[in-house]
Structure formats: structure tokens, C-alpha cells
Amino acid sequence: SLIAVRASGEDLFNDKDNHVIEPFAPTQGNFLNGVAIGELYDDGEQYLVSVTYSGANSVYCHKTSDNDGDGFPDLYWKKDTVLIKSKCSPIISDLDGDNISEVIVPSKGNLIIFEANGEIRNVIMNLDDSYRQPAVASIIPNSKGKQLIVPDGKNLNVYDANGEKISNYSISLSATVSSP
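Residues numbered from 1 in each chain as written. Predicted model: local features only at pLDDT ≥ 70, side-chain atom pairs only at ≥ 80, totals over all residues. Heavy atoms only, no water.

1. Comments concerning the overall build of the protein chain
When helices and strands are counted, the protein chain shows 0 helices and 12 strands. Ordered by position from N to C terminus, the α and β elements of the protein chain give β-β-β-β-β-β-β-β-β-β-β-β. Evaluated residue by residue, the protein chain yields a buried proportion of 44% over its 180 residues. Considering only residue pairs separated by 6 or more positions, the protein chain has 41% of its internal contacts joining residues 24 or more positions apart. (Helix = DSSP H or I, 4+ residues; strand = E, 2+ residues; numbered from the N terminus. Buried < 20%, exposed > 50% of the residue type's maximum accessible area, 1.4 Å probe, protein only. Contact = heavy atoms within 4.5 Å.)

2. Digging into the pairing of strand E8 (residues 120–124)
Across 4 bridges, the pairing between strand E7 (residues 110–114) and E8 is antiparallel. Counted as the bridge partner of Leu 111 is Ile 124 from E8. Between E7 and E8, which pair antiparallel and follow one another directly, the connecting turn spans 5 residues, one of which, Gly 118, has a positive phi of 100°. (Pairing = 2+ DSSP bridges.)

3. Focus on the sheet that holds strand E1 (residues 36–39)
Pairing is antiparallel in the open sheet, where 4 strands are placed in the order E1-E2-E3-E4. The strands lining the two open edges of the sheet, one partner per strand, are E1 and strand E4 (75–80). Sheet twist, expressed as the mean angle between neighbouring strand axes with direction ignored, is 20°. Looking at chain direction, strand E2 (residues 46–51) and strand E3 (residues 58–63) are connected through 5 bridges and run antiparallel. When the bridges of E3 are listed, Ser 50 appears paired with Tyr 60. (Axes fitted to C-alpha atoms, helices over the stretch in contact; angles between N-to-C directions.)

4. Re the sheet that holds E7
Taken in spatial order, the 4 strands make up an open sheet running E5-E6-E7-E8, and their pairing is antiparallel. Strand pairing shows two members of the sheet lacking a second neighbour, strand E5 (91–93) and E8, which therefore form its edges. Geometrically, the sheet is characterised by an average inter-axis angle of 20° between neighbouring strands, direction not taken into account.

5. Some details on the packing of aromatic side chains
According to the stated counting rule, one finds 4 aromatic pairs in the structure shown. Between Tyr 41 and Tyr 47, the ring centres sit 6.2 Å apart and the planes meet at 70°, which makes this aromatic pair edge-to-face. Taking 5.3 Å as the distance between ring centres and 55° as the angle between the ring planes, the aromatic pair formed by Tyr 47 and Tyr 76 counts as tilted. Of this pair, Tyr 47 sits in strand E2 while Tyr 76 sits in strand E4, and the two are 29 residues apart along the sequence. By relative accessible area, which is 3% here, Tyr 47 ends up buried. Taken together, the ring pairs in this structure connect Tyr 41, Tyr 47 and Tyr 76 into an aromatic cluster. (Phe/Tyr/Trp six-rings, centres within 6.5 Å; stacked < 30°, edge-to-face > 60°.)

6. Some thoughts on unusual backbone geometry
Even without being a glycine, Asp 42 presents a positive backbone phi close to 55°. Within the secondary structure layout, Asp 42 lies in the loop between E1 and E2. Residues other than glycine seldom take positive phi values, yet Asn 99 does so here, at roughly 65°. Within the element layout of this structure, Asn 99 appears in the loop between E5 and strand E6 (102–107).

Next up, the structure:
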């Protein structure tokens, strides 16, 4: 589970017992990475994306609001998949420029792009068999969206919002890249 506290030491949610820090967003599995917090729909609502590894292999997307009054952020979606073996942090970013963000989950040998609603848009497979943190940036002039920069062995590969490799922007290096 994730735990969140205010600067005063109080629980962010679930202040039923001031002597016990309660879980912020209940999950199953272990975390070996950070979380992503950001808007999905350009409407001011914040979402928290976390990825578990070892056992559950799940992506959780919680709203940061508690509309159902249970003392926890509301679960927006959860996806279980064998493709997820993530030791890197997820990313929330509007890749295609439509004002709706995508969720990017780096995984061992794969990169999974989820739509804001949790549906899988694309899976970039057969990356080198290691854990590398990708980056998101606007590196192509006059492009509507952003690009993914993905370390892959001795290459920095660039992909568009649909997960298609943009070969003329990819770079081969003489040493292995750990992260951009």
C-alpha cells in the first residue's frame, strides 16, 4: 500500500485513528519504483499511478479524491498483466496532443502505453532485457504531440504516441545507456 502524510504528520486520508498511519491507496504486490501524479483529462482532477512488481504485477490508477467516502482515494482503474515487471516509475503525459494524457509504464523488455481510461494503446516489445527509465519530450519540430525517448542497450530510440519507432531520430551509442 502507498502511505501519504501531511507535513504535520497527519494522514492525508483516513484520519480515523491519529496514532496509526493508514494506507493511502491500498494495493497488492511490492513497489520497486516511484509513482506518477498528474491530470489525465485536463480538468484539474489529479490521478496517482503506481505499479506493483513481484506477485501482483499490476498498474493502479487512483483519483486523488474520495468521492465514495471510504477514507481512501477512489480506484479509477487497475490492470493486471504478465507484461509488467517494472522497476521504473510510470509516466503521465499527453503524448498525442489531444489534451488527454496517456500512462506510460516501462517494464523489463517492454514499454506499455495505456489510454487514460486504462485500455492498452500499444506495447513496445523486445527492448533489451533490462530496466530503463524512458523520458517524454517534444523533440521533433512542428509535431502535434510528444515523443518517447527509450534507452535500449546501446541505442536511444524515439517513438511516437502510438508506439511507432521514428528511426531518423534514434541514436546508436558506443556504450550502454542507463537512462536518458
